[in-house]
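Tertiary structure, described
For reference, the chains in residue letters:
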Amino acid sequence: MKKILSIILLAAVFASCDDKFLYEDARTQAFDSYLNTPAGFNDNVNGAYSFLRVYTENEGIPSMTTFGTDEFRMGFDGGNKHFNLYNGNLNSRAGALDGVWNRLYAGINACNAAINRAPNIEGIDPAIKNTRIAEVKFLRAVYYHLLVQLWGPVHITTTETKGVVTEAKRSPINEVYDLIVTDLNEAIAVLPNTATGANYGRATKPAAQHLLALVHLTRAGGSAAKADDYKKAAENAEAVIKNYNFKLLDDFAQVFAQGEAAERHSEVVFSVQNSSNFLTAELGNTLHVYWIMKYDDLPGVVRDLQNGRPYARFRPTDRVLTTLFDKKLDSRYTKTFKRVFYCNSPGTFTKIQGGQMTLKAGDTALYIVDEQWSAAKLAAAKYSVYQLNKQTDRVFPTVTKHLDPTRASVPELRGSRDFLLFRLAETMLIAAEALMMDNRPAEAVVYINQIRRRAAAVGKTQAETDANRLAMEVTPAALNIDFILDERSRELLGEMKRWFDLTRTGKLLERVKAFNPEGGPNIKDYHILRPIPQNQIDRTSTEFLQNPGYN
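First, a word on what this report is: a plain description of the structure on this page.

1. Some points on the overall build of the chain
When you go through the chain residue by residue, the secondary structure sums to 21 helices and 11 strands. On C-alpha atoms alone, the chain measures out to a radius of gyration of 24 Å, which is about the 24 Å that the 2.2 N^0.38 rule sets for 551 residues. If you line up the chain on its principal axes, its C-alpha atoms span 75 × 50 × 50 Å. Split into buried and exposed, the 551 residues of the chain put 60% on the buried side. Taking contacts inside the chain between residues at least 6 apart in sequence as the whole, the part at least 24 apart equals 72%. For the chain, the exposed surface amounts to about 20700 Å²; the carbon and sulfur share of it is 53%.

If you want it as structure tokens, here you go:
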């Protein structure tokens, strides 16, 4: 699955009628016939996976899910700041909207092609064929779930596009969810428990159950809610936790270790595959650039592979840096952020706080601190110290989860790291939230405490470590939706889930107003959905209504 045949699919299954864009159908009859062969069917299914890279191939999904929340505000650079500002530039022609919309519908069309053609394709083992159909139903559910969370009512199609179609309509949210739930239940009935070896990266039963749990949890908080959504969310999440061999790693930092062996660990429920072979990996994984501060114009440090290519898009909010974590007990703060940069350009420089420093290679050059130092301590430091009041949209702690020092060169944008779309800690958080909302807090806290014990700081002795783990535990009485959201933030910071979390729980406006200084003054009720791309509206022959509040 590292070698997904996405090039073939991109030539064949384009985003034309299902997103109502009037592109030419460039397929030849020969290629169309190829998709009806066993090899073509297999390539079609493999290609359907390539659209998962909508998460990693550019800054569309990162901007739409990370900006405009209580976790991150704007760094100094980039063109998608409207998603954080909630200003007039967040409109139907805003950057990133078209790309994400088109990519998701192209993925849906690839899935539809495989599902529609499968019954007439001979020469494939029926069991393998049924498994592949289940895989693309899982993928179709992933793509529709992204669409409905971002845009609400969207066009539903389950038929392959072969030519130009300009008619479309926005189906009610409940119908979109019904399709997603049906696809996932049908996939769960067929998919294998594991995917190993050459099949690693394919959909599995626990991956589909994780997504189904999240779908029920999301639907439960909206207008399409059903009475048993929280119960089903808990059931599916607990099935993943209890019925397979997943296990939390002992060290939170190891969850994000790089390298094929390191990335295929016991906490991975499903990951988006990437590769260093860019003939098949297309644009690669670009996530490594967006959370890095602009370190390479500061004294004693130049850009290198280890520190990364700094796009400085996402700056943590003050709340994340000051009050979200218990920094004495919770190791996730230090393991999530890079706050020290070492000298790779020796010389004598002026420190940010004043005074001179002479640095050798490997000396500490920059230290990003989260408290105020005394004048004497600042003067004594042999490196530049950026206290909280000196941090800016250029200088801030760097999220380390996506860093990729294995790239071929310093300017190389294409990374090869897999993206952890579903991992066990999130499954546990889904279970905890669903159980709490289903009035079973005593059951919910079991999963919360497993995650928090893992996060506890290691002491100098085993007794100190055990004491820290005990201190990290919480009681059922402590659980409410704000605590759950805070715990999701501590665990999943920077993993592109936050905007969905806040819209799902009805907390977007409250939290942005409280903690995001750029977005807070402008955010309105209608911002719980994104604007429909204007190109979709313009190129649809039937009426395709815009989301309220946008133009």
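2. Concerning the nonpolar core
Counting residues in each nonpolar core, the largest one holds 130 residues, and the members touching the most others are F138 and W151. When residues in this core are grouped by element, the largest group, 14 residues, is from helix α7 (residues 126–151). If you look at the next biggest cluster of nonpolar residues, it comprises 17 residues, including Y295, L298, F341 and L359.

3. Some points on the pairing of strand β2 (residues 268–272)
Burial runs high along β2: 5 of the 5 residues are buried. Pairing analysis gives 4 bridges linking β2 to strand β11 (residues 419–423), with the strands arranged antiparallel. When the bridges of β11 are listed, S271 appears paired with L420.

4. Overview of the layout of surface pockets
Of the volumes computed, that of the largest pocket is approximately 430 Å³. Forming the boundary of the largest pocket are 20 residues, of which I173, G222, T503, I528 and L529 lie nearest the centre. Taken together, the elements giving at least two residues each to the lining of the largest pocket come down to α7, α8 (173–188), α9 (205–220) and α19 (498–504). Looking at the lining of the largest pocket, its residues break down into 9 nonpolar, 9 polar and 2 charged. Considering only enclosed or pocket space, the second largest pocket measures out at about 340 Å³ in volume. As for the second largest pocket, its lining consists of 18 residues, and the residues nearest its centre are T194, A195, Y200, F246 and V268.

5. What to know about empty space enclosed by the protein
Applying the stated rule across the entire model yields 4 cavities of 30 Å³ or more. Considered as a void within the structure, the largest cavity measures approximately 210 Å³ in volume. Residue lining of the largest cavity: 19 residues in total, with Y55, Q149, L214, K497 and F500 positioned closest to the centre. Elements with a minimum of two residues in the lining of the largest cavity: α7, α9, β11 and α19. Here the lining of the largest cavity gets 4 residues from one element, more than from any other, and that element is α7. Residue composition of the lining of the largest cavity, grouped by class: 10 nonpolar, 3 polar and 6 charged. Approximately 110 Å³ is the volume found for the second largest cavity. Lining the second largest cavity we find V255, F256, A257, E263, H265, K401, H402, R417, D418, F419, L420 and E495. In terms of residue class, the lining of the second largest cavity is built from 5 nonpolar, 2 polar and 5 charged.

6. Digging into the side chain of S63
As for its placement among the helices and strands, S63 is situated in helix α4 (residues 60–66). Those residues in contact with S63 that lie beyond four places of it in its chain are N80, F83 and F314.

7. Details of the packing of helix α16 (residues 441–455) against helix α18 (residues 481–492)
Running from N to C, α16 and α18 point in directions that differ by 40°, and their axes come no closer than 12 Å. For α16 against α18, the interelement crossing comes out left-handed. Taking contact as the criterion, the partners of I448, I451, R452 and R454 in α16 are, on α18, F483, I484, E487, R490 and E491. The residue inventory of the contact of α16 with α18, partitioned by class, reads 4 nonpolar, no polar and 5 charged.

8. Let's talk about the sheet that holds strand β5 (residues 340–342)
Spatially, the 3 strands line up as an open sheet ordered β5-β8-β9, and their pairing is mixed. A single partner strand is all that each edge strand has here, and the edge strands are β5 and β9 (384–386). Across the sheet, the mean angle from the axis of one strand to that of its neighbour is 10°, orientation sign disregarded. Bridge count between β5 and strand β8 (residues 364–368): 3 bridges; the pairing is antiparallel. Looking at β8, one finds that Y342 is bridged to T364.

About the criteria used
Residues numbered from 1 in each chain as written. Predicted model: local features only at pLDDT ≥ 70, side-chain atom pairs only at ≥ 80, totals over all residues. Heavy atoms only, no water. Helix = DSSP H or I, 4+ residues; strand = E, 2+ residues; numbered from the N terminus. Rg over C-alpha atoms; globule rule 2.2 N^0.38 Å. Buried < 20%, exposed > 50% of the residue type's maximum accessible area, 1.4 Å probe, protein only. Contact = heavy atoms within 4.5 Å. Areas by Shrake-Rupley, 256 points an atom, 1.4 Å probe, with all protein chains shown as cover. Core = buried A, V, L, I, M, F, W, Y, C linked by side-chain atoms within 4.5 Å. Pairing = 2+ DSSP bridges. 1 Å grid on protein atoms, 1.4 Å probe; cavity = no way out; pocket = protein on both sides within 12 Å on 5 of 7 lines; lining within 4 Å. Points joined across faces, edges and corners; volume = space filled by probe spheres on them. Nonpolar A, V, L, I, M, F, W, Y, C, P; charged D, E, K, R; others polar. Axes fitted to C-alpha atoms, helices over the stretch in contact; angles between N-to-C directions. Left-handed = near helix turned anticlockwise from the far one by under 90°.

The values reported here are purely geometric and, on their own, carry no functional implication.
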